Amino acid sequence: MKIVEMEKPPIKRLPMWPAVITGKCPRCRVGNIYEKPMYSLIGQKINKTCPHCGFVYEREPGYFYAAMYISYAFIVAELVTLAVGTSILTGSHNPWLYIAILLSVTSILAPFNLRYSKVLLLHWLTPGIRYVPEFSAEKDAAA
């Protein structure tokens, strides 16, 4: 009697940009990095491991301190853009107008900066973390 092996279906590769935008795991691109939505009242808590593939997000103690530099770059870009935009649109030289606009928009975008600085750190700026399509596959129901 001949044993016939079933061919495994080809592994579907998940695109990178949707995974970055939605905050998915850099290794499997399926599990969520964060437990809650960006603007929740409870705060932004990172999962210790990926709920799908078990990848440990914090590579070493204090790993996410490097995300402060990315967040700083985000804030500088936002402040420069807002200051130039305010100057062009209003033509005002009143410093209180600039302070009010810059501080209010910066405080509104703070959760965005926090979240995406860590997501970009995990996806692009950490050597050794790469996408493995085999981890994207659905978990077997029998396992």
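As a reminder, the structure under discussion sits directly above these lines.
Structure report, in brief. (Residues numbered from 1 in each chain as written. Predicted model: local features only at pLDDT ≥ 70, side-chain atom pairs only at ≥ 80, totals over all residues. Heavy atoms only, no water.)

## Side note on the overall build of the chain
And then number 1: When you go through the chain residue by residue, the secondary structure sums to three helices and zero strands.
And then number 2: For the chain, the succession of helices and strands along the chain, N to C, is α-α-α.
And then number 3: Here the chain holds 143 residues, and 33% of them are scored as buried.
And then number 4: Counting only contacts in the chain whose residues sit at least 6 apart along the sequence, the fraction spanning at least 24 positions is 62%.
And then number 5: For the chain, the accessible surface area stands at approximately 10200 Å², while carbon and sulfur atoms represent 66% of it. (Helix = DSSP H or I, 4+ residues; strand = E, 2+ residues; numbered from the N terminus. Buried < 20%, exposed > 50% of the residue type's maximum accessible area, 1.4 Å probe, protein only. Contact = heavy atoms within 4.5 Å. Areas by Shrake-Rupley, 256 points an atom, 1.4 Å probe, with all protein chains shown as cover.)

## Examining the side chain of serine 136
And then number 1: Take serine 136: it is sitting in the segment after α3 (95-123).
And then number 2: Using a relative accessible area of 9% as the deciding quantity, one classes serine 136 as buried.
And then number 3: Side-chain polar atoms of serine 136 contact the side chain of tyrosine 131, separated by 3.0 Å.
And then number 4: Apart from the residues lying within four places of it in its own chain, the contact partners of serine 136 are Lys12, Leu14, Cys28, Val30, His52 and Tyr131. (Polar contact = N/O pair within 3.5 Å; in protein donor to acceptor, adjacent residues only side chain to side chain.)

## A closer look at the nonpolar core
And then number 1: With 21 residues, the main nonpolar core has Cys25, Ile33, Cys50, Phe55, Tyr57, Phe64 and Leu122 as its most contacted residues.
And then number 2: Residue contributions to this core peak at five residues, all from α3. (Core = buried A, V, L, I, M, F, W, Y, C linked by side-chain atoms within 4.5 Å.)

## A word on the pattern of salt bridges
And then number 1: Scanning all chains against the criterion turns up one salt bridge.
And then number 2: Linking lysine 45 and glutamate 35 is a salt bridge whose minimum nitrogen-to-oxygen distance equals 3.7 Å. Within this pair, whereas lysine 45 is found in the loop between α1 (16-22) and α2 (67-90), its partner glutamate 35 is found in the loop between α1 and α2, the two being separated by 10 residues in sequence.
And then number 3: Classification of lysine 45 by relative accessible area gives partly exposed; the value is 44%.
And then number 4: What makes glutamate 35 partly exposed here is its relative accessible area of 42%. (Salt bridge = Lys/Arg side-chain N within 4 Å of Asp/Glu carboxyl O.)

## Examining the environment of cysteine 53
And then number 1: For cysteine 53, the location among the structural elements is in the loop between α1 and α2.
And then number 2: Take cysteine 53: its relative accessible area is 17%, and that puts it in the buried class.
And then number 3: The sequence separation of cysteine 53 and cysteine 25 amounts to 28 residues, and the corresponding C-alpha distance is 8.6 Å.
And then number 4: What cysteine 53 contacts, discounting residues up to four positions off in sequence, is Cys25, Arg27, Cys28 and Phe135.

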